[in-house]
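Architecture and fold: a report
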Amino acid sequence: MSKKIPVLLKPLVIAGAFLLMGGAALSAQKAAEPSKETPPPYERAEALATVMNPHEQINDEGEVLWGTCVTCHKNVPDVQKEKSIKDVQLHFEDDPNQICRRCHTVKSHPGSEGISATMSGYVAPDHLVVPPKNIMLSMKLSLKELPMILPLDPKSGKIICSTCHNPHERGLLAGRADWGGDYNMRLRSAGLDICQYCHRK
Ligand code: HEC
Ligand code: HEC
Ligand code: HEC
Ligand code: HEC
């Protein structure tokens, strides 16, 4: 190989690659400069910094920002009447995950936490599938025990991004659909173990 990278520079080169993956325009000059800060593992915030946050749906005065709905919905839903994923009209062609992938370029997860794919060759399980019987049963039990929802794609029956993540701000929707809004990573776990919703021990 002609382009050998000195060992000490390697972490910087890798960090630079992550920044580029995040869509940040970074000059080669900058990447070569030594940085005093530890680079974050994933440049999510940087990539999304230029995008309006559509999950901010209520302002500081407590007013609903109805304009944000149409980022994902074809029209402003009637929160009194539209009570499930089957009632709303969302912006996608075939796959509901398209709505989220427009802004979030996530890898297969969960199941890959703390494992470096390059080191182990481990491939995270594809969660965007039709849940088999045993998992469906766990989901039903969880829905009995907890006041939340686990929406699936009404057409294919598959798990989608919003099965686990609540795209709405807390306080917007009443009842079960509110659970997990604004929780860490917007998870519908709201502090509980979300894996256990589907993988019971
Ligand atoms: C980031 C994308 C996104 C934004 C922005 C968004 N929604 Fe949704 N909404 C969804 C998705 C995906 C579903 C279907 C999954 C689900 O039920 O949560 C949904 C479902 C709903 C439902 C069905 C009820 C239910 O129990 O799930 C209502 C009502 C709704 N949205 C209202 C709104 C309103 C009102 C706004 C604007 C203030 C809004 N949404 C903004 C993505 C979004
Ligand atoms: C128009 C762009 C856009 C769309 C569409 C969108 N998001 Fe987001 N999302 C954002 C932004 C911006 C943030 C805030 C990022 C930050 O502050 O780090 C965010 C934050 C999140 C987070 C929290 C990340 C964290 O680290 O806390 C999750 C989870 C999430 N979105 C899931 C979804 C899901 C699920 C959908 C589809 C239903 C969706 N998003 C659609 C722009 C979008
Ligand atoms: C089976 C549940 C599940 C599904 C389905 C799922 N996620 Fe996640 N997601 C998680 C969990 C748990 C975390 C927190 C830690 C982790 O696994 O990375 C997370 C973290 C995130 C984060 C924040 C961390 C990061 O990498 O920026 C974003 C954004 C996100 N998910 C978006 C999505 C999108 C978009 C989809 C659909 C393509 C999706 N998720 C599908 C469970 C799920
Ligand atoms: C909404 C339900 C749901 C949630 C929540 C969920 N999973 Fe899964 N998980 C599945 C489905 C469905 C499969 C595919 C199983 C199959 O095809 O037999 C799967 C498969 C897996 C696998 C592959 C091995 C296996 O058991 O088949 C791992 C590992 C895994 N999940 C880890 C996790 C972790 C870790 C979490 C929490 C961060 C989590 N899952 C949350 C539904 C879920």
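The structure this text deals with has already been given above.
Residues numbered from 1 in each chain as written. Chains lettered and ligands numbered in written order. Predicted model: local features only at pLDDT ≥ 70, side-chain atom pairs only at ≥ 80, totals over all residues. Heavy atoms only, no water.

Another aspect to go through is the overall build of the protein chain. Check the secondary structure of the protein chain and you find 8 helices and 0 strands. Burial statistics for the protein chain: of 201 residues in total, 25% are counted as buried. Within the protein chain, contacts between residues separated by at least 24 positions form 42% of all contacts whose residues are at least 6 apart in sequence. (Helix = DSSP H or I, 4+ residues; strand = E, 2+ residues; numbered from the N terminus. Buried < 20%, exposed > 50% of the residue type's maximum accessible area, 1.4 Å probe, protein only. Contact = heavy atoms within 4.5 Å.)

Attention now moves to the coordination of the iron atom of ligand 3. Donor atoms from the polypeptide that coordinate the iron atom of ligand 3 comprise His109 (NE2) and His165 (NE2), at 2.0 Å from the metal. Bound by 6 donor atoms, the iron atom of ligand 3 shows angles of 88 to 179° at the metal and therefore octahedral coordination geometry. Remark: histidine 165 occurs in the loop between α7 (161–164) and α8 (195–198) and histidine 109 occurs in the loop between α4 (98–101) and α5 (117–120); sequence separation between them is 56 residues. Classification of histidine 109 by relative accessible area gives partly exposed; the value is 37%. With relative accessibility at 27%, the residue histidine 165 sits in the partly exposed group. (Donors = N, O, S within 2.8 Å, 3.2 Å for Na, K, Ca; no water. Tetrahedral: all angles 85-135°; square planar, octahedral: opposite > 155°, others 65-115°.)

Moving on to the site of ligand 4. Ligand 4 sits among 14 residues. The nearest are His127, Ile194, Cys195, Cys198 and His199. With respect to ligand 4, the side chain of histidine 127 contributes an N or O atom lying 2.8 Å from a nitrogen atom. (Near = heavy atom within 4 Å. Polar contact = N/O pair within 3.5 Å; in protein donor to acceptor, adjacent residues only side chain to side chain.)

Here the iron atom of ligand 4 is held by His127 (NE2) and His199 (NE2), and the distances to it run 2.0 Å. For the iron atom of ligand 4, the 6 donor atoms in the first shell make angles of 87 to 179° at the metal, so the coordination geometry reads as octahedral. Of the two residues, histidine 127 is situated in the loop between α5 and α6 (133–145) and histidine 199 in the segment after α8; the sequence distance between them amounts to 72 residues. According to the relative accessible area criterion, histidine 199 is partly exposed, its value standing at 39%.

What follows is about α6. With 13 residues, α6 ought to run about 18 Å at 1.5 Å a step, and its terminal C-alpha atoms sit 19 Å apart, in line with that. Here α6 has its buried residues at Ile135, Ser138, Met139 and Ser142. In an axial view of α6, the angular spread of the buried residues amounts to 100°, which keeps them on one side of the axis. Along α6, exposed side chains directed more than 90 degrees from the buried face belong to Lys133, Leu137, Lys140 and Lys144. Each element contacted by the buried residues of α6 is listed here: α7 and α8. (Expected span 1.5 Å × (residues − 1). Arc of directions from axis to C-beta.)

In the structure shown here, the tally under the stated rule is 3 salt bridges. Where aspartate 78 meets lysine 81, a salt bridge forms, and the shortest distance between an N and an O atom there is 3.7 Å. Across the salt bridge formed by glutamate 145 and arginine 200, the nearest N and O atoms sit 3.1 Å from each other. Here glutamate 145 is found in helix α6, whereas its partner arginine 200 is found in the segment after α8, with 55 residues between them in sequence. In this structure arginine 200 comes out as partly exposed when scored by relative accessible area, which is 34%. (Salt bridge = Lys/Arg side-chain N within 4 Å of Asp/Glu carboxyl O.)

Now for the nonpolar core. Counting 10 residues, the largest nonpolar core consists of Ile135, Met139, Leu146, Met148, Leu150, Leu152, Ile159, Ile194, Tyr197 and Cys198. For this core, the secondary structure elements donating two or more residues are α6 and α8. Not counting residues within four places of it along the chain, the set of residues in contact with methionine 139 comprises Pro131, Leu150, Leu152, Thr163, Tyr197 and Cys198. (Core = buried A, V, L, I, M, F, W, Y, C linked by side-chain atoms within 4.5 Å.)

The next thing to look at is the environment of lysine 201. Within the element layout of this structure, lysine 201 appears in the segment after α8. Of the residues examined, lysine 201 reaches a relative accessible area of 88% and is grouped as exposed. With 63 residues separating them along the chain, lysine 201 and serine 138 place their C-alpha atoms 9.9 Å apart.

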